[in-house]
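Remarks on the overall topology
Listed below, chain by chain, are the residues.
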Amino acid sequence: MKLFAIALFVCCTLIASSASADTPDGASIVQRGNGHGVAPCMACHAADGGGQAAAGFPRLAGLPQAYLRKQLDDFANGSRTNATMQPVAGGLSEAERDAVAAYYSKLPIPPGAPASASSAASVQLAQTLATRGRWPKGVPACEQCHGPAGIGVGDHFPPLAGQPALYLGNQLHAWQQAARRNDPLQLMQSIASKLNDADIAAISAWYAAQPATLAKEQQP
Ligand code: HEC
Ligand code: HEC
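Conventions we followed
Per chain, residues are indexed from 1 in the order of the written sequence. Each chain gets a letter, beginning with A, and each ligand a number, beginning with 1, in the order they are written. Only residues with pLDDT of at least 70 are given local features in this predicted model, and only at 80 or more are side-chain atom pairs given and counted; all residues enter the totals for whole chains, interfaces and linings. To get the side-chain values, take all heavy atoms of the structure and skip hydrogens and water. What counts as a helix is a DSSP run of H or I of at least four residues, what counts as a strand is a run of E of at least two, and both are numbered from the N terminus. Throughout, exposure labels follow a simple rule: accessible area from a 1.4 Å probe, protein chains only, divided by the maximum for the residue type, with under 20% read as buried, over 50% as exposed, and the rest as partly exposed. We call two residues in contact whenever any of their non-hydrogen atoms come within 4.5 Å of each other. Each accessible area value is a Shrake-Rupley result obtained with a 1.4 Å probe; residue values ignore everything except the protein chains displayed when judging cover. Here the term donor refers to an N, O or S atom within 2.8 Å of the metal (or 3.2 Å for Na, K and Ca), and because water is left out of the atoms, sites may appear incomplete. Sites are called tetrahedral only when four donors show all angles between 85 and 135 degrees, square planar or octahedral only when four or six donors show opposite pairs over 155 degrees and all other angles between 65 and 115, and irregular in any remaining case. Residues are labelled near a given molecule or strand when at least one of their non-hydrogen atoms is within 4 Å of it. In protein, a polar contact requires one atom able to donate a hydrogen and another able to accept it; more generally it is a pair of N or O atoms within 3.5 Å, and residues adjacent in sequence count only if both atoms are side-chain atoms. Throughout, the ten residues Ala, Val, Leu, Ile, Met, Phe, Trp, Tyr, Cys and Pro are labelled nonpolar, Asp, Glu, Lys and Arg are labelled charged, and all others, Gly among them, are labelled polar. Residue ranges assigned to each domain were obtained from an automatic or database domain assignment. You can read pLDDT as the predictor saying how much it trusts each residue, on a scale of 0 to 100.

**So, the overall build of the protein chain**
Secondary structure summary: the protein chain contains eleven helices and zero strands in total. Starting at the N terminus and ending at the C terminus, the protein chain contains elements arranged as α-α-α-α-α-α-α-α-α-α-α. Among the 220 residues that make up the protein chain, the fraction classed as buried is 40%. Contacts spanning at least 24 positions in sequence make up 66% of the contacts within the protein chain whose residues lie at least 6 apart. Surface exposure of the protein chain reaches about 11,800 Å², of which carbon and sulfur atoms provide 63%.

**Let's talk about the coordination of the iron atom of ligand 1**
The coordination sphere of the iron atom of ligand 1, as far as protein atoms go, consists of H45 (NE2) and M85 (SD), spread over 2.0 to 2.3 Å. The site at the iron atom of ligand 1 holds six donor atoms, and with the angles between them running 86 to 179°, its shape is octahedral. Of this pair, H45 sits in helix α3 (residues 42–45) while M85 sits in helix α5 (residues 85–90), and the two are 40 residues apart along the sequence.

**Regarding the site of ligand 1**
Taken together, the neighbourhood of ligand 1 is formed by 23 residues, with C41, C44, H45, Y67 and M85 sitting nearest. Within the side chain of Y67, an N or O atom sits 2.7 Å from an oxygen atom of ligand 1. Take R80: an N or O atom from its side chain is 2.8 Å from an oxygen atom of ligand 1. Counting only elements with at least two residues in the shell around ligand 1, the list comes to α3, α4 (65–77), α5 and α9 (165–176). The element contributing the most residues to the shell around ligand 1 is α4, with five residues. Across the shell around ligand 1, the residue classes break down as 17 nonpolar, five polar and one charged.

**A word on the site of ligand 2**
Close contacts around ligand 2 come from 24 residues, with C142, C145, H146, Y167 and M188 the closest. Side-chain polar atom of H146 to a nitrogen atom of ligand 2: 2.8 Å apart, as the coordinates give it. Only α4, α8 (143–146), α9 and α10 (187–193) provide two or more residues apiece to the shell around ligand 2. With five residues, the single largest contributor to the shell around ligand 2 is α9. Of the residues belonging to the shell around ligand 2, the class tally is 16 nonpolar, five polar and three charged. If you count residues domain by domain, the shell around ligand 2 takes at least three from each of domain 1 (20–106) and domain 2 (120–218).

**A few points about unusual backbone geometry**
Despite not being glycine, A46 shows a phi value in the positive range, around 75°. On the secondary structure map, A46 appears in the loop between α3 and α4.

**Let's talk about the environment of Q52**
Inspection of the secondary structure assignment puts Q52 in the loop between α3 and α4. Q52 gets classed as partly exposed once you look at its relative accessible area, which sits at 31%. Remark: the alpha-carbon pair of Q52 and P164, spanning 112 residues in sequence, is separated by 7.5 Å.

**Focus: the confidence of the model for the protein chain**
Chain-level statistics for the protein chain give a pLDDT mean of 90 and a share of 88% at 70 or above. Scored below 50 in pLDDT, residues 3–20 makes zero contacts in the model with residues more than four places away or belonging to other chains.

Listed below in structure tokens is the structure:
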């Protein structure tokens, strides 16, 4: 009986350790790459997951897990084009994408870079678009989907608050040019097509200056 218990223990320990060896370690991929040609994420997205504002590299820390996972799939399948991220995402297995998405979604949000000052007119324009939209042109208020001050809503409406202005502007231009076509029902393609360059500059600078916090649904 004793022997049986020992055998059972050894057997279970072996199963447990082999399972953990097969599950990719998100932290290790982020810090050291995946060992199969994918560079460490933190080389561009920073050690704390806060991104690099001047280079237009987005914050990943605290973004919803399902959103992060979807973006990696979208880069890999080409519905979101970007010369830097497509080979990165394409070089990760499904399990590795799960692991890095889970890792980043649980990282605390780091303090953002100080935002550059905007003119009063630019702030006014941005606040109007964010809270009221421009209904005569069919532009809904951004906050209807991205939440108050852009903190994000649920799993699929990402936060805009505290993301680099350069990054946000790049995304709106990417939708205008159909380089990003991964949004459900073309919600964002249709909205971006109705914004002009002045709108994009104003709204990107404004959201970059808003404090990033976890959306209600994500709070522990
Ligand atoms: C060489 C630099 C570089 C490396 C390394 C890199 N990224 Fe990125 N990443 C970028 C850039 C640039 C963008 C913005 C692309 C764009 O403008 O569409 C981005 C965007 C993303 C996004 C989209 C975020 C959003 O808000 O939609 C995700 C998710 C992401 N990266 C995950 C990763 C993961 C996970 C790794 C590591 C396995 C990684 N990245 C490694 C440069 C990099
Ligand atoms: C009807 C809902 C809806 C409205 C209104 C909306 N968005 Fe979005 N937005 C989305 C969805 C959904 C996504 C994520 C798409 C995906 O899965 O990649 C998104 C993504 C974005 C992103 C990319 C974020 C990232 O991390 O890559 C930016 C920038 C953005 N929206 C800006 C805006 C702005 C500015 C407005 C207002 C003018 C706006 N959105 C209004 C639904 C909406």
